[in-house]
Amino acid sequence: MSIDQLAETARAMVAPGKGIIAIDESSGTIAKRFAAVGVENSEANRRAYRELLLTTPNLAQHISGAILYDETLRQSTRDGVPFAKYMAERGMIPGIKVDKGTHALAGFPGELVTEGLDGLRERLAEYARLGARFAKWRAVITIGEDMPSGTCIEANAHALARYAALCQEQGLVPMVEPEVLMDGDHDIETCYEVTEVTLRALFDALYNQNVMLEGTILKASMVVPGKDCPEQAEVEEVAESTLMCLKTAVPAILPGIVFLSGGQSDEDATAHLDAMNRMGPHPWPLSFSYGRAMQQAALKLWAQDMQGNWQRAQQVVFARARANGLAALGQWDGNA
Ligand code: 13P
């Protein structure tokens, strides 16, 4: 796979007015999401729910691709069409989560490092055969007393860069995700500082591992105050702080940046993205790769009546895709 092909895929992931739907919850995470709405965490329910999302009529108008979980990439629609094939036939790019989740960072109580590098080359080769064209790895940075440590930032940046280099070797576009968590009572300035340090460490590590930025997508968290911070920020402040932080730390050659929603409300996630794009032009397309902010309303509806609410839930998925697609252009009309 040439860098030109990787760059083409990366550009298609952030095509104007389009973004990514993240449906790559691991079996443990989807168990939590299902439990919250009273759905049994069975293989059949996970398959049906992912089918609902991926077969939303006209989804490709606003969605360029989806991040799947290992199990989902091996599943099919009820008619027996593998999800990856179903997506590709409709112009949506299949992606795959390849990290093996976060684990305690030894020697640094309360901090996490993402694992999954062992055997990754072989897993990536298999995912590519199954139709995946990009891959995601999520690192988690926690803000707290004396946290994050430099060691935590370095360890996670190093793993992200090793993963990204392997992805490009195997012909997959790496989506590198260093998520600075919203948990805590820290203010927006603290989030800014931590995000800046994290991004600088990440791009240093990518450079050191010979990762080609033209074929890489950044999945970033927005610069926001902690969930428990008494002083919450206005939409404009979040947009301005996030833009400033990205412009200072992210090379302009990157083909695109997508955001995670990270526990923001649906409306906030859309409003923040829209506000940033209204402040453009920027060096890169800014779009979305939302999980919860794309899914939570639809999941609630489906859980109430799996058969009866199928279509209504899909209409809600489409509405979220449309709102976020417009926000990616700075043209959101206020309908969440
Ligand atoms: P949220 O948008 O729910 O944060 O999920 C996006 C994601 O893929 C996190 O890794």
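First, a word on scope: everything that follows refers to the structure included in this document. Note that the structure is predicted; figures quoted are calculated from it, not measured.

Concerning a negative patch on the surface
So, point 1. A cluster of acidic side chains, namely Asp187, Glu189, Glu193, Glu231, Glu234, Glu236, Glu237 and Glu240, defines a negative patch on the protein surface.
So, point 2. Elements with a minimum of two residues in the negative patch: helix H8 (188-208) and helix H9 (235-249).
So, point 3. In terms of residue count, H9 provides more of the negative patch than any other element does, three residues in total.
So, point 4. Examined against the element boundaries, Glu240 turns out to sit in helix H9.

A closer look at the pattern of salt bridges
So, point 1. By the definition in use, this model includes 18 salt bridges.
So, point 2. Between Glu196 and Arg200 there is a salt bridge whose closest N-O contact spans 2.9 Å. One end of the pair, Glu196, and the other, Arg200, are both in helix H8, four residues apart, so they sit about a helical turn from each other.
So, point 3. The salt bridge partner of Arg322 is Asp333, with a shortest N-O separation of 2.9 Å. On the criterion of sequence distance, the pair formed by Arg322 in helix H12 (residues 310-327) and Asp333 in the segment after H12 is long-range, its members being 11 residues apart.
So, point 4. For Arg322, a relative accessible area of 29% gives the class partly exposed.
So, point 5. Here the residues in one salt-bridge network are Asp24, Lys97, Lys136 and Glu177, joined through shared partners.

Here's the deal with the environment of Gln232
So, point 1. Examined against the element boundaries, Gln232 turns out to sit in the loop between strand S8 (217-220) and H9.
So, point 2. Since its relative accessible area comes to 49%, Gln232 is described here as partly exposed.
So, point 3. Taking the C-alpha atoms as reference, Gln232 lies 8.1 Å from Asp187; in sequence the two are 45 residues apart.
So, point 4. The residues touching Gln232, leaving out its near neighbours within four places in the chain, are Pro225, Gly226 and Lys227.
So, point 5. Looking at Gln232, its side chain comes within polar contact range of the main-chain oxygen of Gly226, at 3.0 Å.
So, point 6. Within polar-contact distance, the side chain of Gln232 engages the backbone oxygen of Cys229 at 3.0 Å.

With respect to the packing of aromatic side chains
So, point 1. The tally for this structure, following the rule as stated, stands at five aromatic pairs.
So, point 2. Measuring from centroid to centroid gives 5.7 Å for Phe34 and Tyr49, while their planes differ by 75 degrees, and the two rings are edge-to-face. You can see Phe34 sitting in helix H2 (residues 27-36) and its partner Tyr49 sitting in helix H3 (residues 43-54), a full 15 residues away along the chain.
So, point 3. An angle of 35 degrees between the planes, with centres 5.2 Å apart, marks the rings of Tyr49 and Trp302 as tilted. With Tyr49 in helix H3 and Trp302 in helix H11 (residues 292-304), this pair connects stretches of sequence that are 253 residues apart.
So, point 4. Under the relative-accessibility criterion, Tyr49 is labelled buried at 0%.
So, point 5. Ring-pair connections join several aromatic residues into one group, and the members of that group are Phe34, Tyr49 and Trp302.
So, point 6. If you follow Arg90 out to its NZ or CZ, it ends over the ring of Tyr86, 3.6 Å from the centre.

As for the sheet that holds strand S9 (residues 257-259)
So, point 1. With parallel pairing, the eight strands of this closed barrel are ordered in space as S1-S2-S3-S6-S7-S8-S9-S10. Across this sheet, the average inter-strand angle for adjacent strands is 25 degrees, counted without regard to direction.
So, point 2. Of the pairings in the sheet, the one linking S9 to strand S10 (residues 286-290) comprises three bridges and is parallel in character. Following the sheet pairing, Phe259 is matched in S10 by Phe288.

Some thoughts on the site of the ligand
So, point 1. Lining the immediate surroundings of the ligand are 13 residues, of which Lys136, Lys219, Ser261, Gly262 and Arg292 lie closest.
So, point 2. Between Lys219 and the ligand, the recorded distance is 2.7 Å, taken from a side-chain N or O atom to an oxygen atom.
So, point 3. In the complex, the protein chains occlude 91% of the 300 Å² of accessible area that the ligand would expose alone.
So, point 4. Mapped by element, the contributors of at least two residues to the shell around the ligand are strand S6 (134-141) and S10.
So, point 5. Among the residues forming the shell around the ligand, the class breakdown is three nonpolar, four polar and six charged.

Conventions used here
- Residues numbered from 1 in each chain as written.
- Predicted model: local features only at pLDDT ≥ 70, side-chain atom pairs only at ≥ 80, totals over all residues.
- Heavy atoms only, no water.
- Patch = residues over 30% accessible without salt bridge, like charges linked within 9 Å, V, L, I, M, F, W, Y side chains within 5 Å.
- Areas by Shrake-Rupley, 256 points an atom, 1.4 Å probe, with all protein chains shown as cover.
- Salt bridge = Lys/Arg side-chain N within 4 Å of Asp/Glu carboxyl O.
- Lys, Arg positive; Asp, Glu negative; His and termini not counted.
- Charge placed at Lys NZ, Arg CZ, Asp CG, Glu CD.
- Helix = DSSP H or I, 4+ residues; strand = E, 2+ residues; numbered from the N terminus.
- Buried < 20%, exposed > 50% of the residue type's maximum accessible area, 1.4 Å probe, protein only.
- Contact = heavy atoms within 4.5 Å.
- Polar contact = N/O pair within 3.5 Å; in protein donor to acceptor, adjacent residues only side chain to side chain.
- Phe/Tyr/Trp six-rings, centres within 6.5 Å; stacked < 30°, edge-to-face > 60°.
- Lys NZ or Arg CZ within 6 Å of the ring centre and 35° of its normal.
- Pairing = 2+ DSSP bridges.
- Axes fitted to C-alpha atoms, helices over the stretch in contact; angles between N-to-C directions.
- Near = heavy atom within 4 Å.
- Nonpolar A, V, L, I, M, F, W, Y, C, P; charged D, E, K, R; others polar.

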